[in-house]
Amino acid sequence: MLKLEDTYLHKGKRRALVAELRAKGIKSERVLEAINNLPRHFFFDSALISHAYEDKAFPIGEGQTISQPYTVAFQTELLDIKSGEKVLEIGTGSGYQGTILHLLGAEVFTIEYQKKLFENTQRFLKRLGVELHLFYGDGTGGLPQHAPYDKIIVTAGAPVVPEALIQQLKIGGILVIPVGDRKRQAMVKITKKSAKDIIREEFDGFAFVPLLGKEGWK
Ligand code: SAH
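Below you will find a few notes about this structure. What you are looking at is a predicted structure, and each value in this text was computed from that prediction instead of being measured.

Reading guide: rules and limits
- The residue numbers shown here count from 1 along each chain, following its written sequence.
- Where local features are concerned, this predicted model is filtered to residues with pLDDT of at least 70; where side-chain atom pairs are given and counted, the filter is 80 or more; whole-chain, interface and lining totals use all residues.
- As a rule here, side-chain values come from all non-hydrogen atoms in the structure, and water together with hydrogens is ignored.
- Two aromatic rings from Phe, Tyr or Trp, using only the six-membered ring of Trp, form a pair when their centres are within 6.5 Å; if the ring planes differ by under 30 degrees the pair is stacked, by over 60 it is edge-to-face, and anything between is tilted.
- Here a strand is any run of E in DSSP of at least two residues, a helix any run of H or I of at least four, and the numbering for each starts at the N terminus.
- Categorising residues by exposure relies on relative accessible area from a 1.4 Å probe, with only protein chains included: less than 20% of the type maximum marks a residue as buried, more than 50% marks it as exposed, and the intermediate range marks it as partly exposed.
- Note on terminology: near, applied to a residue and a molecule or strand, indicates that one of the residue's heavy atoms is within 4 Å of it.
- Within 3.5 Å is the distance limit for a polar contact, defined as a pair of N or O atoms, with the added protein rule that one can donate a hydrogen and the other accept it, and that residues adjacent in sequence qualify only through two side-chain atoms.
- By the convention adopted, Pro, Cys, Tyr, Trp, Phe, Met, Ile, Leu, Val and Ala count as nonpolar, Lys, Arg, Asp and Glu as charged, and the other residues, Gly among them, as polar.
- Two strands qualify as a pair provided DSSP detects at least 2 bridges between them.
- When the strands point away from the viewer, a crossover counts as right-handed if the path from the first strand over the helix to the second runs clockwise.
- Between N-to-C directions, angles cover 0 to 180 degrees, with each direction set by a line fitted to C-alpha atoms, over the stretch in contact for helices.
- Note on contacts: a residue pair is in contact if any heavy atoms of the two residues lie within 4.5 Å.

1. Let's talk about the packing of aromatic side chains
Next, step 1: Applying the stated rule across the entire model yields nine aromatic pairs.
Next, step 2: Judged by centre distance (5.3 Å) and plane angle (85 degrees), the rings of Phe-43 and Tyr-96 are edge-to-face. Note that Phe-43 is positioned in the loop between α2 (29–37) and β1 (58–61) and Tyr-96 in helix α4 (residues 96–103), a separation of 53 residues in sequence.
Next, step 3: Judged by its relative accessible area of 2%, Tyr-96 is buried.

Written out as structure tokens, the structure reads:
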């Protein structure tokens with residue numbers, strides 16, 4: 001139970017992390033505030049807690065990682081979340097990114113491919129009192145039963161942009177997805193202007209664990 005204790009030391013480290021993210025170019029005060037408010041160490045294995053406020057990715061079990069804080073901030077900033085928006089996340093992992101979206105007022109639907117991680121994170125978020133809609137399965141086909149979404153975020157590296165995700169976006173919606181090879185990806189931001197018209201922007205230099213499943217890596 002000790003894990004869910006937020007001390008002055010943790011709060012201080014978190015403020016320093018936020019300053020570091022600001023220095024690295026994150027501008028959204030709402031995003032920085034959410035990161036400042038959410039104890040990242042809660043989402044860590046107890047053996048790794050002392051590293052929770054380093055700007056690095058760390059293992060969360062099942063060969064997966066909690067994304068680097070800069071990456072979480074960058075993706076969240078691109079999504080431009082407004083309170084009340086319906087957001088789909090592919091790759092629940094530790095639940096950290098999903099909880100940041102929730103703190104920004106989104107209704108979060110999130111899907112995880114690894115059964116064990118899905119179960120652990122479901123148990124953990126319940127204990128934390130955070131209400132996300134959690135699903136187990138392959139997210140490369142999206143989550144059609146709750147579509148359309150205002151925003152969609154993919155937190156694993158994809159070989160291509162799955163068509164289903166663009167289809168499940170509302171007009172005016174935004175999809176943020178890392179696309180590249182197994183080791184390096186560019187962050188792709190897709191804005192759906194109309195059913196046929198999309199705007200694509202790219203930002204280089206990211207490294208995610210691979211997106212698996214039907215439209216992912218085999
Ligand atoms: N957003 C997470 C980051 C987790 S890493 C966090 O905040 O901790 C990426 C996650 O994507 C891993 O947990 C991995 O199991 C999951 N994943 C990979 N392929 C997937 C797929 N096809 N559908 C859903 N989740 C997938």
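2. Topic: the site of the ligand
Next, step 1: With respect to spatial proximity, 27 residues lie near the ligand, and among them Ser-94, Glu-112, Asp-138, Gly-139 and Leu-212 are the closest.
Next, step 2: The separation between an oxygen atom of the ligand and a polar main-chain atom of Gln-97 is 3.0 Å.
Next, step 3: The set of elements that each furnish at least two residues to the shell around the ligand consists of β2 (64–66), β3 (86–90), α4 and β4 (107–112).
Next, step 4: Per-element tally for the shell around the ligand: the top contributor is β2, with three residues.
Next, step 5: Taken together, the residues that form the shell around the ligand break down as eleven nonpolar, 13 polar and three charged.

3. Description of the pairing of β4
Next, step 1: Counting buried residues in β4 gives five out of six residues, a clear majority hidden from the surface.
Next, step 2: Across five bridges, the pairing between β3 and β4 is parallel. Counted as the bridge partner of Ile-90 is Ile-111 from β4.
Next, step 3: One crossover worth recording links β3 to the parallel β4 by way of α4, and it is right-handed.
Next, step 4: Bridge analysis of β4 against strand β5 (residues 133–136) gives four bridges, and the strand direction is parallel. Each residue of the ladder has a partner; that of Thr-110, found in β5, is Leu-134.
Next, step 5: Between β4 and its parallel partner β5, the chain crosses via helix α5 (residues 115–128), and the hand of that crossover is right-handed.

4. Description of the sheet that holds strand β8 (residues 185–192)
Next, step 1: With mixed pairing, the seven strands of this open sheet are ordered in space as β5-β4-β3-β6-β7-β8-β9. Looking at strand neighbours, the two that pair on one side only are β5 and β9 (198–206), the edges of this open sheet. Mean inter-strand twist for the sheet, computed between neighbouring axes without regard to direction, equals 15 degrees.
Next, step 2: In the sheet, β3 pairs with strand β6 (residues 149–154) via four bridges, with the strands oriented parallel. Each residue of the ladder has a partner; that of Ile-90, found in β6, is Val-154.
Next, step 3: The sheet contacts of helix α3 (residues 69–79) involve β6, β7 (169–180), β8 and β9, and relative to β7 the element is tilted by about 155 degrees.

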